[in-house]
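# Geometric and topological summary
The chain contents come next:
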Amino acid sequence: MPHRHKAGIRACAIRARKSIPATEALAMSRAAALRALAERELKGARAVHLYLPMKAAVEMDTASLACGLAAMDIPLMVPVIDCGNDYRNEDEEGGRLVSVVYRPGMPLVRSCFGSPEPLERSLGDEYMIDAVVVPLVAVDRSGYRLGYGKGFYDRFLARLQHMGVRPCRIGFGFSMQLHDRLPCDPWDEPLDLFVDENAVTRFYPYQDKACHE
Ligand SMILES: Nc1nc2c(c(=O)[nH]1)N(C=O)[C@@H](CNc1ccc(C(=O)N[C@@H](CCC(=O)O)C(=O)O)cc1)CN2
Ligand SMILES: Nc1ncnc2c1ncn2[C@@H]1O[C@H](COP(=O)(O)OP(=O)(O)OP(=O)(O)O)[C@@H](O)[C@H]1O
């Protein structure tokens with residue numbers, strides 16, 4: 001069971017994010033993309049896995065970031081959640097997050113969770129992923145994040161690690177999403193960087209993942 005305070009903090013953070021007007025959110029997304037594109041972990045990546053935003057949820061938009069990376073000829077992949085049996089795994093009952101090839105402008109469809117996904121699903125080579133741009137509801141000063149509570153990214157990052165793939169994990173969001181401390185659980189996978197409209201924050205996670213109460 002996730003930490004008892006996560007659900008309440010998640011609900012507040014989702015509500016707060018939705019109060020950002022769309023035009024401001026777009027300007028902040030562009031500013032954050034410029035910051036991210038200057039980071040060596042992205043500029044030098046063989047391939048980048050990044051999310052496609054749910055605009056209604058006012059997630060930080062990755063469109064400028066994706067265009068900037070594509071202009072540098074960096075291959076892109078985006079998450080697809082398999083809601084059927086295609087990629088099912090006994091350990092991942094709710095479906096598994098996999099990486100499919102993405103080019104800006106590709107036709108998209110809505111997943112069963114409401115996130116956009118490419119209509120054309122061609123699996124990417126996950127061994128090439130040097131950076132993962134992770135969506136988040138909230139993040140803290142040690143790099144621990146709150147997502148939508150389904151564990152897709154925690155399991156995805158752990159699965160990559162198990163394959164021997166350890167990309168730079170980059171949270172992408174609004175500065176208002178950065179909290180001093182969030183509750184965390186033993187399965188939470190910490191981020192290395194958080195990029196927002198104002199700054200790039202580098203994290204040095206706790207050695208002891210016993211986490212905070
Ligand atoms: N843009 C984006 N893509 C993503 C994720 C994400 O968080 N953001 N995911 C991360 O795992 C995966 C999809 N999983 C998801 C799991 C739950 C919900 C969810 O609970 N959505 C809310 C609606 C959003 C809102 O209004 O805030 C809902 O259905 O109530 C969304 C996506 C992969 N792709
Ligand atoms: N490596 C893992 N193996 C099995 N289950 C996992 C793993 N990582 C996370 N989970 C499960 O996923 C759920 C994650 O809940 P939590 O509240 O921590 O989500 P979150 O960090 O907001 O999710 P997400 O990673 O989707 O953004 C928990 O029920 C947890 O048991």
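Now for a quick tour of the structure. Bear in mind the structure is a predicted one, so any value in this text is a computation, not a measurement. (Residues numbered from 1 in each chain as written. Chains lettered and ligands numbered in written order. Predicted model: local features only at pLDDT ≥ 70, side-chain atom pairs only at ≥ 80, totals over all residues. Heavy atoms only, no water.)

### Notes on the environment of Ile9
Formally: Per the convention used, a helix needs a DSSP run of H or I reaching at least four residues, while a strand needs a run of E reaching at least two, with both numbered from the N terminus. Partly exposed describes any residue whose relative accessible area lies between the buried limit of under 20% and the exposed limit of over 50%, with all areas from a 1.4 Å probe on protein chains only and scaled to the type maximum. Residue contacts follow a heavy-atom distance rule, with two residues in contact if any of their heavy atoms lie within 4.5 Å.
Mapped onto the elements of the fold, Ile9 is located in helix H1 (residues 6-18). A relative accessible area of 25% means that Ile9 is categorised as partly exposed. Distance in space between the C-alpha atoms of Ile9 and Arg46 is 36 Å, their sequence separation being 37 residues. Those residues in contact with Ile9 that lie beyond four places of it in its chain are Leu146, Leu182 and Pro183.

### Focus: the layout of surface pockets
Note the cut-off: In this analysis a 1.4 Å probe is tested at points of a 1 Å grid over the protein atoms alone, and where it fits but cannot get out there is a cavity; an open set with protein on both sides within 12 Å along at least five of seven lines is a pocket; lining residues have an atom within 4 Å of a point. Grid points are joined across faces, edges and corners, and a volume is the space filled by probe spheres set on the points. Any residue that is not Ala, Val, Leu, Ile, Met, Phe, Trp, Tyr, Cys, Pro, Asp, Glu, Lys or Arg is counted as polar, Gly included; the first ten are nonpolar and the last four charged.
Approximately 590 Å³ is the volume attributed to the largest pocket. If you trace the largest pocket, you find 31 residues lining it, with Gly147, Tyr148, Lys150, Phe152 and Tyr153 closest to the centre. Among the elements of the structure, H1, strand S2 (76-81), strand S5 (116-118), strand S8 (145-146) and helix H5 (152-162) are those that each provide at least two residues to the lining of the largest pocket. Tallied by class, residues from the lining of the largest pocket come to 18 nonpolar, four polar and nine charged.

That's the geometry; what it means functionally is another story.
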